[in-house]
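# Tertiary structure, described
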Amino acid sequence: MLLIKNATAVQFEPARVTEGVDILVDGNKIVEVGSQVDRAKATRTIDAAGRLVMPGIVCSHNHFYSGLSRGVMADIKPCPDFVSTLKNLWWKVDRAIDEEILYYSGLICSLDAIKAGCTSVIDHHASPSYIKGSLNTLRKAFLKAGLRGMTCFETTDRNGGIKELEAGVRENIEFANLVSSAKVRGDEPYLVEAHIGAHAPFTVSNDGLGMLSDAVRETGRGLHIHVAEDKYDATWSRHHYGQELIQRLDSFGLINDKTLIGHGIYLADSDIELLNEKDAFLVHNPRSNMNNHVGYNEKLTSYKNVALGTDGIGSDMFEELKFAFFKHRDAGGPLWPDSFVKFLNNGNRLLERNFGGHFGRLEAGYQADLVIYDYNSPTPLQAENLPGHLAFGMNSSGVRTVIVDGAVVLEDGCYPFDVNEIYAEARKAARRLWKGMDSLS
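So, a few notes on the structure that sits alongside this text. (Residues numbered from 1 in each chain as written. Predicted model: local features only at pLDDT ≥ 70, side-chain atom pairs only at ≥ 80, totals over all residues. Heavy atoms only, no water.)

As a further point, take the overall build of the chain. From N to C terminus, the chain includes 14 helices and 17 strands. Computed over the C-alpha atoms, the radius of gyration of the chain is 21 Å, within 12% of the 22 Å expected from 2.2 N^0.38 for a compact globule of 441 residues. With the C-alpha coordinates of the chain rotated into their principal frame, the extents come out at 65 × 45 × 40 Å. Of all 441 residues assigned to the chain, the portion counted as buried reaches 59%. (Helix = DSSP H or I, 4+ residues; strand = E, 2+ residues; numbered from the N terminus. Rg over C-alpha atoms; globule rule 2.2 N^0.38 Å. Buried < 20%, exposed > 50% of the residue type's maximum accessible area, 1.4 Å probe, protein only.)

A sheet is described by the order of its strands in space; here 5 strands give the open sequence β10-β11-β12-β13-β14, paired in parallel fashion. Unpaired on one side and paired on the other, β10 (196–198) and β14 (306–308) mark the two borders of the sheet. For this sheet the average axis-to-axis angle between neighbouring strands, irrespective of direction, equals 25°. As paired strands, strand β13 (residues 281–284) and β14 are joined by 3 bridges and run parallel to one another. Among the inter-strand pairings, V283 is bridged to a residue of β14, identified as A307. (Pairing = 2+ DSSP bridges. Axes fitted to C-alpha atoms, helices over the stretch in contact; angles between N-to-C directions.)

Quick look at the pairing of strand β5 (residues 52–55) now. As judged from the 2 bridges shared by strand β1 (residues 2–11) and β5, these two strands associate in the parallel manner. Bridge assignment links T8 to a residue of β5, and that residue is L52. Where β5 and strand β15 (residues 370–373) come together, 4 bridges link them in antiparallel fashion. Pairing of L52 across the sheet is with Y373, part of β15.

Before going further, it helps to spend a moment on the pattern of salt bridges. Within the structure shown, the criterion is met by 27 salt bridges. Of the charged contacts, one joins E174 and K132 as a salt bridge, the two residues approaching to 3.2 Å between their closest N and O atoms. Separated by 42 residues along the polypeptide, E174 in helix α4 (residues 161–185) and K132 in the loop between β7 (118–123) and α3 (134–145) bring together distant segments of the chain. Note on E174: relative accessible area 34%, which makes it partly exposed. Here E352 ties to R349 by a salt bridge, and the two come within 3.0 Å at their closest N and O atoms. One end of the pair, E352, and the other, R349, are both in helix α12 (residues 347–355), 3 residues apart, so they sit about a helical turn from each other. Residue class for E352 comes out partly exposed when judged on its relative accessible area of 21%. Sharing partners across several salt bridges, the network here consists of R16, R361 and E363. (Salt bridge = Lys/Arg side-chain N within 4 Å of Asp/Glu carboxyl O.)

This part takes up the side chain of E171. Position of E171 among the secondary structure elements: in helix α4. No salt bridge is formed by the buried E171. Its closest oppositely charged neighbour is K132, at 5.7 Å. Engagement of the side chain of E171 in a polar contact is seen with the backbone nitrogen of L135, the distance being 3.0 Å. (Lys, Arg positive; Asp, Glu negative; His and termini not counted. Polar contact = N/O pair within 3.5 Å; in protein donor to acceptor, adjacent residues only side chain to side chain.)

Overall, the coordinates contain 14 aromatic pairs when judged by the stated rule. Within the aromatic cluster, the residues linked to one another by ring pairs are F325, F326, W336, F340, F343 and F392. Here the basic side chain of R248 rests over the ring of Y241, its NZ or CZ set 3.7 Å away from the ring centre. One residue, R287, lies across the ring of F323, its end atom 6.0 Å from the ring centre. (Phe/Tyr/Trp six-rings, centres within 6.5 Å; stacked < 30°, edge-to-face > 60°. Lys NZ or Arg CZ within 6 Å of the ring centre and 35° of its normal.)

What follows covers the packing of α4 against helix α5 (residues 206–219). At a closest axis distance of 10 Å, the pairing of α4 and α5 adopts a crossing angle of 10°. Between α4 and α5, the crossing angle belongs to the class labelled roughly parallel. Facing I162, L165, E166, V169, I173, A176 and N177 of α4, the residues of α5 in contact are D207, G208, M211, L212, A215, E218 and T219. Here the residues of the contact of α4 with α5 sort into 8 nonpolar, 3 polar and 3 charged. (Parallel < 35°, antiparallel > 145°, perpendicular 65-115°, else oblique. Contact = heavy atoms within 4.5 Å. Nonpolar A, V, L, I, M, F, W, Y, C, P; charged D, E, K, R; others polar.)

This brings us to the side chain of H263. Inspection of the secondary structure assignment puts H263 in strand β12 (residues 260–263). Given the relative accessible area of 0%, H263 is considered buried. Among the polar contacts made by the side chain of H263, one reaches the side chain of E229 at a distance of 3.4 Å. Among residues more than four places away in sequence, those in contact with H263 are H61, H226, V227, E229, L282, V283, N285, S288, N289, N297 and D311.

A few words on the packing of helix α10 (residues 317–330) against helix α11 (residues 337–345). Contact pair α10 / α11: the axes reach a minimum separation of 10 Å and the direction vectors enclose 140°. Our classification of the angle between α10 and α11 gives oblique. The crossing of α10 and α11 is right-handed. Contact residues: α10 offers M317, L321, A324, F325 and H328, while α11 offers P337, F340, V341 and L344. Of the residues contributing to the contact of α10 with α11, the split by class is 8 nonpolar, 1 polar and no charged. (Left-handed = near helix turned anticlockwise from the far one by under 90°.)

A word on empty space enclosed by the protein. Across all of its chains, the model carries 2 cavities of 30 Å³ or more by this definition. Taken as a whole, the largest cavity spans an internal volume of roughly 70 Å³. In terms of lining, the largest cavity is formed by R139, L143, V179, A182, K183, E188, P189, Y190, L191 and V192. Every element with two or more residues in the lining of the largest cavity is listed here: α3 and α4. Element by element, the count of residues in the lining of the largest cavity is highest for α4, at 3 residues. Counted as a void, the second largest cavity has a volume near 40 Å³. Lining the second largest cavity are P55, G56, T119, S120, N348, L351, F359, G360, R361, Q367 and D369. Looking at the lining of the second largest cavity residue by residue, the classes come out as 3 nonpolar, 6 polar and 2 charged. (1 Å grid on protein atoms, 1.4 Å probe; cavity = no way out; pocket = protein on both sides within 12 Å on 5 of 7 lines; lining within 4 Å. Points joined across faces, edges and corners; volume = space filled by probe spheres on them.)

What is shown is where atoms sit, not what they do.
Right under this line is the structure:
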């Protein structure tokens with residue numbers, strides 16, 4: 001058993017701050033929390049020495065295939081709008097990815113997420129030149145780092161028409177079956193789950209939506225898709241199909257309580273009502289929206305379920321929460337930090353819907369995904385002002401130790417294995433990626 005002693009226990013929802021707490025972990029579950037824990041049961045002890053111990057943080061929408069694009073040096077044509085940004089940059093990045101590039105991109109992103117106190121990441125993957133087996137390559141990277149996560153293939157017809165659609169859907173189904181088999185076997189930690197992925201409605205025909213509908217029904221997984229990230233997506237749907245975006249997806253049975261919608265900036269009110277009725281999730285990605293100059297989601301308060309993601313800009317959710325709050329205030333929004341802490345914590349609701357079990361609280365029976373955090377606050381820290389501390393004071397530099405599924409994957413700022421060679425190989429892979437981008441028309 002693992003004992004974390006002398007902790008200041010911090011929980012986001014319901015908000016709690018409790019000093020002098022011990023947390024006992026048996027396997028991958030918390031079994032006891034309090035001041036009267038029998039320390040003699042422990043086979044290993046970590047002294048938190050008064051530091052904060054909080055539930056693991058979730059990034060609810062990410063793109064690990066973009067991990068080696070940081071500081072990209074390739075011939076990128078001008079990108080005056082969102083669609084040209086996709087065509088000139090991101091759709092060249094994903095087409096240049098091979099198995100080795102993807103593995104190191106996924107592994108680096110996993111390690112960086114852990115370093116930022118992120119214990120789970122929900123990924124959305126694209127590599128049109130390497131479809132079959134790509135999701136298992138990402139899974140290997142998750143497992144190597146010890147990060148919990150989900151992934152799916154970004155089904156689209158933007159490069160190869162119906163054959164590309166079929167290959168993308170097949171990869172999603174085969175991966176969902178793979179992780180189901182691994183869970184049944186139980187010969188490794190159950191850390192990785194599956195969505196059924198699609199790029200965006202404007203790059204998926206009705207034939208493709210039909211295939212995705214069959215895949216959702218066959219696997220029991222939910223759809224993960226970008227929707228209304230730009231006005232172009234909504235306009236396309238109305239022009240070509242005479243339907244609003246969510247209405248179109250729902251007509252294929254693709255909207256349910258496991259559906260994850262990225263962005264949703266330009267959804268019609270009727271679409272938001274439909275999402276709420278189906279108990280689906282919107283994931284808000286403020287930094288990415290700002291970077292791509294696509295506009296701000298003025299309707300956050302209209303959604304029943306909102307979580308936070310980065311859309312590929314790292315996995316620092318302390319940073320993302322700040323941008324989410326400050327951009328909202330800049331736009332004249334009415335929400336305060338407590339709402340954005342709730343959005344952040346909602347990532348755990350997504351994990352519960354897909355992994356089963358309990359996530360996001362420091363209570364017996366909950367998953368042992370934990371972060372030990374160094375924060376010497378200059379003002380009182382208590383439940384009532386915890387959101388204010390997260391928005392105005394705390395950042396990822398305070399992360400000291402990270403535990404995922406009961407395993408210590410970062411201790412006192414150090415990984416359990418040498419990562420220098422991994423980063424060196426990643427730099428080589430990045431150069432190949434950039435060179436490959438320049439070879440594409």
